[in-house]
Amino acid sequence: MNMATVYVDNRAYEMDEKQNLLEGCLRLGMDLPYFCWHPAMGSVGACRQCAVKQFRDEKDERGRIVMACMTPAAAGTRISIRDPEAVEFRKAVIEGLMLNHPHDCPVCDEGGECHLQDMTVMTGHDYRRYTFEKRTFRNQYLGPFLNHEMNRCIQCYRCVRFYREYAGGNDLNAFALRNIVFFGRDRDGVLENEFAGNLVEVCPTGVFTDATLKRHYTRKWDMEMAPSVCVHCGLGCNITAAGRYGTLRRLVNRYNGEVNGYFLCDRGRFGYEFVNSERRIRQPLIEGKAVSAEAALARLGELTSGRVIGVGSPRATLESNFALRAMVGADRFFAGISGTEARLLKLMLEVLRGPARTPSLREIEASDAVFILGEDVTNVAPRMALSLRQSVRQQPMEIAERLHIPVWMDHAVREAVQEKKGPLFTASVSATRLDDIAAGTYRGAPDDLARLGFAVAHALNSEAPAPAGLPESARDFVKEAAEALKAAKRPLIVSGASLASAAIIEAAANVAWALAGSMLAFTATESNSMGLAMMEAPALDAAQAAHADTIIILENDLFRRLPEAEQFLERFRHVVVVDYLENATTAKAELVLPAAPFAEADGTLVNSEGRAQRFFQALPPPAPVKESWRWLGSWDKLDDIVEALARAIPPLAAVTRAAPPASFRMSGAKVPRQPHRYSGRTAMLANISVHEPKPPADPDSPLAFSMEGNPDQPPGALQPFFWTPGWNSIQAVNKFQEEIAGPLRGGDPGVRILEAGEGTPRFFEDIPAAFEPRAEEWLVVPLHHIFGSEELSRHAPAVSQLAPPPYIALNPEDAARFGDEAEMLGQRFPLKRLAELPRGVAGVPAGVPPFAGLEFPMWSRILQAP
């Protein structure tokens, strides 16, 4: 970082000369209003709100008005924020923006955490002189996630810049007529982009608001908030979980510079409502009848006195999995995933311990050539797809650099770059949402994709084995991809296990190893898949050979794991399930113990990067609900079980550093979960009692269930929300960073427990034969969907509206013999025709019943529906 001396109101400050003045001032803690600028999207100078007075030198007394977001922080620059003319200019801009803005703050969902409110107060505009009619609009239906209120718009253009330029959407636009601009779709309809929910936080007013929050609305200052981690895929995006009256009200993005940055995917943002589902298990059950916690524990003791095995889960925390492992014994604890999935996770873990580094999402954004092998990233690991969209800008940015255009000057950079994109190559079984930015695409059956990967590795390093007999289209793809990867400074390979192919993973490893210095990112479908793999427990296949009377199943629906789950469970005299949602497995249980979901629990998850992250409860679990590890173990505190886990499993020893212990204090005080404006608990319970109830105790974290505590910034892992005086919106995160868009002060949350090794690996050599279609049979592969494939978010009402029904997908030529429906596995399904699906391959929606639990890929007959 090259620092320059900049004078602000006659005082010298050090600013990064690669930043603009607005970024420099905000980094130094100054209050300077803005609207159109966003730290992830740069400057366009549209709103004119960050005006300052710039002077030529110390003798210049007149100066000129400039926009801080469009002015470099060059050495010797002299500006004034407090100059009367600059103050009046900013005040006039606000007054102009407010001419047509409605007086609806008390009923606006954004009220109290609105950036427009904050900036209006900051500029001193407090009286409306305009008394004429206001411009009004018709609002649109934009789907189950967002409400639309165009009358509140201030034309900052943030929404379309994010949606179209950053997230790659094309169905939201700015429609202009004379002096009127409308931001929306060309017609009512569900926004198509998977990141549309970020408009809630990108919009500085209340044009786009959270429609799921509307169903159980609570003001920000009346919610208890806790630092948490998304549980809907393996990326581990950081979130703030907020609740009130025992209900989880919403999730918002929690900044982590190394992981999700400023944005979430819509599944992660809106999938939370499963916590409030009517399917929640809230009482212990014995033979389907509600019993007390004491009776349930007594029955658990009886059932575990004989031969017992335990089945863990990739969606349960490290602590809960370890508690079950400790209860039944390490040799009788099983991973709770199929043998195929266990082998694939083990293989990925072994590869990532080799010389290729597994990158953070920030590092993925900075990569300048990408090869995606076998993954539909947008539907499996959505937030990674958003980072990949930014990666294709890296090489073209060199054009702007040669023209001496600073990277933060977004409009000028895009004008210079035009439509140029860096090299990103996708090889998948069907079309993906990243194909629109790809320099090359290839379609094939899983074995053909693996062969393509092996060929790319051989093109990069002749010592890597090469497949024979590649078609010409594949050879052209290989040549182009290998040349781009070889020329890159920060090449990246992306793969995963979503097609259940070990050959694809091995081919991706060969490519990464053939390209010295490359990064290798694997996707994981569940929140703790990598952590469970690091516990090195055998798969469910091995459990079928175990002799036991009782099986204890932890947060796992085995009907989503095993084709013959019912027959498997019938082998045991007693079935015990610890879970929070009713499912097919709980229906077979003799004893059901109500577990606390993430919003009511504390625990540690390991993401696909190998980063261990701690989350904390936003709401105390309502008795008799408990965290799973409390049902299964005798530990009094979270820290106790974390330390026991670290001692027992050396690869996980570093998890003790994922967050400060419960004893952590700041000036002797805990960290408050509630803002200082939190409404009194007496008022909340006035219909019951007028005395002040005691806040719940929390022995497991340094967080307090109240507004009392130290208001200073805690370590990143304990930051429940972003707020500072004058900054009530989520834009307050600027005040908590070491530098704008950089790490949080004190470091970003989490600790990496998986690092690349040294030495020269041995290339994988088992290259599969080319795919051969069969007569009257199809190779069935899973097609993942961001909405519907993941187990928990399917139970969120808004997400369930967008989940696909079961279907069979075929290439149009294969489908020609069928009508609109076809029969498979004895059932009829609608038929989808996908032109890019290879002939001889059929696709079904992953995780959607009745396809959940099947072993893929598999061969199956498809018949004409009667």
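Residues numbered from 1 in each chain as written. Predicted model: local features only at pLDDT ≥ 70, side-chain atom pairs only at ≥ 80, totals over all residues. Heavy atoms only, no water.

### Topic: the overall build of the protein
The helix and strand tally for the protein stands at 26 helices and 36 strands. Relative to its length of 866 residues, the protein is compact, with a C-alpha radius of gyration of 28 Å against a globular reference of 29 Å. Its C-alpha atoms put the protein at 85 × 75 × 55 Å along the principal axes. Taking all 866 residues of the protein together, 62% fall into the buried category. Contacts in the protein between residues at least 24 apart in sequence constitute 73% of all its contacts with a sequence separation of at least 6. (Helix = DSSP H or I, 4+ residues; strand = E, 2+ residues; numbered from the N terminus. Rg over C-alpha atoms; globule rule 2.2 N^0.38 Å. Buried < 20%, exposed > 50% of the residue type's maximum accessible area, 1.4 Å probe, protein only. Contact = heavy atoms within 4.5 Å.)

### Regarding the pattern of salt bridges
A complete count under the given rule lists 53 salt bridges for this structure. A salt bridge links Glu113 to Arg250; the shortest N-O distance between them is 2.9 Å. On the criterion of sequence distance, the pair formed by Glu113 in the loop between helix H2 (84-97) and helix H3 (115-123) and Arg250 in strand E12 (residues 247-253) is long-range, its members being 137 residues apart. For Glu113, a relative accessible area of 11% translates into the label buried. Take Arg250: its relative accessible area is 8%, and that puts it in the buried class. Linking Glu341 and Arg561 is a salt bridge whose minimum nitrogen-to-oxygen distance equals 3.9 Å. Taken together, the residues span a long stretch of sequence, with Glu341 in helix H10 (residues 339-352) and Arg561 in the loop between strand E22 (550-554) and helix H21 (565-569) at a distance of 220 residues. When its relative accessible area of 21% is taken as the criterion, Glu341 is described as partly exposed. (Salt bridge = Lys/Arg side-chain N within 4 Å of Asp/Glu carboxyl O.)

### Focus on the sheet that holds strand E3 (residues 51-55)
Reading across from one edge, E2-E1-E5-E3-E4 is the order of the five strands in this open sheet, with mixed pairing throughout. Looking at the sheet topology across the chains shown, the edges are occupied by strand E2 (11-16) and strand E4 (64-67). Adjacent strand axes in the sheet meet at a mean angle of 45° when their direction is disregarded. Summarising the sheet, strand E1 (residues 3-8) and E2 pair through six bridges and their orientation is antiparallel. Counted as the bridge partner of Val6 is Tyr13 from E2. Against the sheet, H2 contacts E3, E4 and strand E5 (78-80), and its axis sits at roughly 155° relative to E3. (Pairing = 2+ DSSP bridges. Axes fitted to C-alpha atoms, helices over the stretch in contact; angles between N-to-C directions.)

### Some details on the domain arrangement of the protein
Here the protein is described as being made up of domain 1 (3-97), domain 2 (105-276), domain 3 (357-517) and domain 4 (777-864). Taken together, the contact between domain 1 and domain 3 spans 12 residues of the former and four residues of the latter. Both faces considered, domain 1 and domain 3 share a buried interface measuring about 550 Å² in area, 62% of it formed by carbon and sulfur atoms. Sorting the residues of domain 1 by area buried against domain 3 places Ser43, Val44 and Met70 first, and these three jointly supply 47% of that buried surface. Taken together, the links from domain 1 to domain 3 amount to zero salt bridges. Looking at the side of domain 1 that touches domain 3 residue by residue, the class counts come to five nonpolar, five polar and two charged. (Domains from an automatic or database assignment. Buried area = accessible area lost by both parts, 1.4 Å probe. Nonpolar A, V, L, I, M, F, W, Y, C, P; charged D, E, K, R; others polar.)

### Considerations on the environment of Ala369
In this fold, Ala369 is placed in strand E17 (residues 369-373). Through-space distance from the C-alpha of Ala369 to that of Pro423 is 5.0 Å; in sequence the pair is 54 residues apart. What Ala369 contacts, discounting residues up to four positions off in sequence, is Pro423, Ala484, Leu485, Ala488, Arg490, Pro491 and Leu492.

### Things to note about unusual backbone geometry
In the segment running from Ala623 into Pro624, the intervening peptide bond is cis, with an omega of 10°. Among the secondary structure elements, Pro624 is positioned in the loop between strand E26 (611-615) and helix H22 (628-632). Omega for the bond connecting Phe856 with Pro857 falls within 30 degrees of zero, at -10°, which places this linkage in the cis form. Within the secondary structure, Pro857 sits in the loop between strand E34 (841-845) and strand E35 (858-860).

### Quick word on the packing of aromatic side chains
In the structure shown here, the tally under the stated rule is 24 aromatic pairs. With 6.1 Å between their ring centres and 55° between their planes, Phe371 and Phe477 make a pair best called tilted. Highlighted residues: Phe371 in strand E17 and Phe477 in helix H17 (residues 472-487), separated in sequence by 106 residues. No difference in accessibility class separates Phe371 from Phe477, as the two residues are buried. Each member of the aromatic cluster is reached from another via a ring pair, and the members are Phe162, Tyr166, Tyr255, Tyr262 and Phe263. Over the face of the ring belonging to Trp859 we find Arg774, whose NZ or CZ atom lies 3.9 Å from the ring centre. (Phe/Tyr/Trp six-rings, centres within 6.5 Å; stacked < 30°, edge-to-face > 60°. Lys NZ or Arg CZ within 6 Å of the ring centre and 35° of its normal.)

### As for the sheet that holds strand E25 (residues 603-606)
Taken together, three strands build an open sheet; the order of strands is E25-E26-E29 and the sheet is antiparallel. The open sheet has two edge strands, E25 and strand E29 (751-752), and neither has a second partner. Where E26 lies against E29, two bridges are found, and the strand directions are antiparallel. Bridge assignment links Ala612 to a residue of E29, and that residue is Val751.

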